[in-house]
Amino acid sequence: MGEDRRLTAVVALAQGMAAAHTPRESWRAAALGACRALAGNFAALSVWERERGRLRVLANVGDRAFDEEEFPDGEAYPVHQFPEITEFLHERWARGGEPNAWVETAEGSTAGRPGYCHQRVAALRRRGRGCCVVAPIVLHGRAWGELYVARPAGEPVFDRADADFATVLASVVAAGLAQTERLEEARRLAYTDALTGLANRRAVDVRLDEAIEQHRRDGVVVSLVVCDLNGLKRVNDTRGHAMGDQLLERFGSVLSLCGAMLPGALAARLGGDEFCLLAVGPAADEVVRAAGELCRRAADLELGEGVACGLASTQDPIGPVRSGRRLFRLADAAQYRAKAVRATKPVVAGREGPDDPVVRLADEPSPAAAERRRFRGRR
């Protein structure tokens, strides 16, 4: 391959990883870019999990064998089966060696020989591949994993120049992975409440908009629980804000635990002492049960005074829900009523007859109610 073509391949790989929106897309772009750059027919990206002593495959691309999934959940290999992982990726790197790639063939090692590896050779033969090039990936100054590209039997065997080029590709992949990590961390911070580790209001808005669209399109049940943690001000005033933060964290754990009763539910802190639980799919009664368990557990928290909990679900008679804001207003009104009557169980919008006070409050708030409580919702 000429220098111009190699440069083009490097640029294409970097651009593919830069365009990725998720870690999986980034892994696939890395493997696919390397596969094309080296004229292979199969490639894999794997991470070295030191704590488990294994090499775990993140992505397989190209002509996959019957037992190779694109994003495998359980394809991992004990390090002791691949002695070059510890010898080449760890010991030689730690001693100042360079992370150079090497080539294995169905007959044994060739270029950049780190040591014969029976498992790799056996795998090449079993899957009808004639050779592979293995390039260590170094990220943040330490061995991270490997890039693996193979060619079928009968095709030209990778040579020293290919191994050197694979080393360059691995460094480009490492830079792409570092960028992906930074983006993921930025996304995590943007959508996570720093104190409790739950989702934040921004994450709820995004997920709720998606859920309402699913409801409008497919009739999927969408339920929203809004709750107000009682007693936080008293704790802050009498025992200090550190104890108040502890109460918020403990309630966040309870909310997360109860949310786990509903597959796929999103537990979030909206701000201050206000939290919510968004469920997409489960029946309204299931969400009511989970909310009831939340009230029960919150009442047992040592520092707090329980929780005022309101719930609104598209499965209940609350009228058409065409926006996330309306569901928020309904759940918020139910929560306001729960606080007003000191309810120890969740108040559910639409379950008090045709003239349901919660629905009326949400849709036609009186001036007094509007003054006492400002409904949340994007303006």
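Residues numbered from 1 in each chain as written. Predicted model: local features only at pLDDT ≥ 70, side-chain atom pairs only at ≥ 80, totals over all residues. Heavy atoms only, no water.

Read across the sheet, five strands follow the order β9-β10-β8-β11-β12 without closing on themselves; strand pairing throughout is mixed. In this open sheet, the two strands that pair with only one neighbour each are β9 (266-271) and β12 (347-348). Pairing of strand β11 (residues 307-313) with β12, which is carried by two bridges, proceeds in the parallel orientation. Looking at β12, one finds that L311 is bridged to V348. Sheet strands touched by helix α9 (residues 284-299): β8 (222-229), β10 (274-280), β11 and β12. Its angle to β11, the strand with the most contacts, is close to 175 degrees. (Pairing = 2+ DSSP bridges. Helix = DSSP H or I, 4+ residues; strand = E, 2+ residues; numbered from the N terminus. Contact = heavy atoms within 4.5 Å. Axes fitted to C-alpha atoms, helices over the stretch in contact; angles between N-to-C directions.)

A few words now on unusual backbone geometry. Located in the positive-phi region is A39, a residue other than glycine, with phi close to 55 degrees. Tracing the backbone through its elements, the reader meets A39 in the loop between α2 (23-37) and β1 (42-49). Phi is positive for R342, close to 55 degrees, though the residue is something other than glycine. Within the secondary structure layout, R342 lies in the loop between α10 (324-340) and β12.

To continue, consider the pairing of strand β2 (residues 54-62). Here is the key point about a regular strand: its side chains alternate between the two faces of the sheet. Bridge count between β1 and β2: eight bridges; the pairing is antiparallel. Residue pairing in the sheet places V47 in a bridge with R56 of β2. What sits between β1 and β2 in their antiparallel hairpin is a turn of four residues, with G53 showing a positive phi close to 60 degrees. Bridge analysis of β2 against strand β3 (residues 76-78) gives three bridges, and the strand direction is antiparallel. The residue of β3 that forms the bridge with L55 is Y77.

Below, the discussion takes up the pairing of β8. By the criterion of burial, β8 is predominantly enclosed, with eight of the eight residues buried. Alternating residues of β8 divide into V222, L224, V226 and D228 and S223, V225, C227 and L229, and every residue in both groups is buried. Pairing between β8 and β10: seven bridges, direction antiparallel. When the bridges of β10 are listed, V222 appears paired with V280. Pairing between β8 and β11: seven bridges, direction antiparallel. Across the sheet, V226 pairs through a bridge with G310, a residue of β11. (Buried < 20%, exposed > 50% of the residue type's maximum accessible area, 1.4 Å probe, protein only.)

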